[in-house]
Amino acid sequence: MNDQSPQFIVVGHICQDLLPDGGVSLGGSVSYATVTALRMGYHVGVVTSAAPDMDLSPALPGADIVCLDAPETTVFENIYHNGQRTQFLHQRAAPLTCADIPAAWRSAPMAYLGSIDQEIEESVFHCFEPDVLLGVMPQGFFRTWDAEGRVQFVEWQPSRAVLQRLNLLVISELDVPDPHGLAREWGQWIDIVVVTHAERGATVYEGGESCHYPARPAEQVDPTGAGDVFAAGFLIRFAETRDACEAAAFANAVASFSIEG
């Protein structure tokens with residue numbers, strides 16, 4: 001580990017995504033957020049869980065990694081039919097708690113919680129010092145699964161104490177039935193709520209007001225992880241400028257670059 005404490009802490013499960021050809025690729029909100037922060041020149045600390053045979057260092061070079069050993073690494077499979085996605089959770093690593101986050105990391109300038117499978121326990125929301133900018137990508141909190149692993153939508157009902165601790169919440173319009181209603185409701189307690197609309201940009205809710213920011217035109221090659229790249233870029237730029245408008249424009253640009261590659 002680097003002697004200097006990380007500036008950007010990322011918490012959540014790294015996962016393996018099963019590919020149609022039988023191969024696997026590294027996935028999870030954490031992996032995309034980490035790569036984004038590393039490319040922006042930040043020292044990143046990752047708190048995750050996986051099986052002991054999962055070596056994350058080559059995929060996240062330069063990051064400090066705390067990986068809680070688990071019997072299995074989280075594994076997802078996405079099956080597409082007529083444009084509709086059916087998702088399966090085949091394996092799940094260990095839950096993450098405040099105790100898993102090194103004490104020295106709890107006062108970092110920024111922390112990013114990227115859930116994919118209900119893995120982040122409530123203690124993590126209250127683990128960081130009050131002046132740490134806390135951003136959340138909550139996709140995994142809106143997921144449940146049946147005995148076969150088929151993923152379905154479930155309502156997330158965080159406590160008011162959790163909502164009041166958040167500085168930034170980024171939700172996709174595809175993740176919840178009424179994202180703008182949720183943004184207005186939770187915006188009473190969260191500093192900034194952003195609803196992303198893929199190629200149509202993002203809507204930022206702050207202080208009871210909302211504003212739409214169009215996406216940068218891009219030639220789409222692979223949209224995977226674009227929302228996570230957006231969220232990480234927004235959090236970092238907001239930390240640098242304290243300007244949500246500047247952060248939204250910047251995050252849209254960064255996300256557009258990610259889908260072109």
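Computed from a predicted model, the values in this text were never measured in an experiment.

Engineer: Describe the overall build of the protein chain, with residues and values.
Structural biologist: For the protein chain, the count of helices and strands is five helices and 15 strands. Relative to a compact globule of 261 residues, whose C-alpha radius of gyration would be 18 Å, the protein chain shows 17 Å and is just as compact. If one aligns the C-alpha atoms of the protein chain with their principal axes, the spans along those axes are about 50 × 45 × 35 Å. Taken across its 261 residues, the protein chain has 50% of its residues classed as buried. Put simply, of all contacts in the protein chain between residues at least 6 apart along the chain, 59% involve residues at least 24 apart.

Engineer: Now, about helix 3 (residues 179-186): what can you tell me, with residues and values included?
Structural biologist: Regarding helix 3, the residues found buried are Pro179, Gly181, Leu182, Ala183 and Trp186. Contact partners of the buried residues in helix 3: helix 2 (160-165), strand 12 (168-172), strand 13 (192-196) and strand 14 (202-206).

Engineer: Could you give an account of the sheet that holds strand 1 (residues 8-11), with specific residues and numbers?
Structural biologist: Spatial ordering of the open sheet is given by 5-4-1-8-9-12-13-14-15, a layout of nine strands whose pairing is mixed. The strands lining the two open edges of the sheet, one partner per strand, are strand 5 (64-69) and strand 15 (209-213). Pairs of neighbouring strands in the sheet enclose a mean axial angle of 15°, with direction left out of account. Direction of pairing for strand 1 relative to strand 8 (residues 110-114): parallel, over a ladder of four bridges. What sits directly across from valine 11, in strand 8, is leucine 113. Helix 1 (residues 29-39) rests against strand 1, strand 4 (44-50), strand 8 and strand 9 (133-137) of the sheet, and its axis sits at about 165° to strand 1.

Engineer: I'd like a description of the nonpolar core, backed by residues and values.
Structural biologist: Core analysis: the largest hydrophobic core is formed by 36 residues, its most contacted members being Phe8, Tyr112, Ile192, Val194, Val204 and Phe234. In terms of residue count, the dominant contributor to this core is helix 4 (residues 226-241) (seven residues). Apart from the residues within four sequence positions on either side, valine 204 is in contact with Ile192, Val193, Val194, Glu209, Ser210, Cys211, Tyr213, Phe234, Ala244 and Ala248. Residues Val132, Phe141, Val162 and Tyr205 belong to the second largest nonpolar core, which totals 34 residues.

So, how was this worked out
Residues numbered from 1 in each chain as written. Predicted model: local features only at pLDDT ≥ 70, side-chain atom pairs only at ≥ 80, totals over all residues. Heavy atoms only, no water. Helix = DSSP H or I, 4+ residues; strand = E, 2+ residues; numbered from the N terminus. Rg over C-alpha atoms; globule rule 2.2 N^0.38 Å. Buried < 20%, exposed > 50% of the residue type's maximum accessible area, 1.4 Å probe, protein only. Contact = heavy atoms within 4.5 Å. Pairing = 2+ DSSP bridges. Axes fitted to C-alpha atoms, helices over the stretch in contact; angles between N-to-C directions. Core = buried A, V, L, I, M, F, W, Y, C linked by side-chain atoms within 4.5 Å.

So yeah, pure geometry; function would need other evidence.
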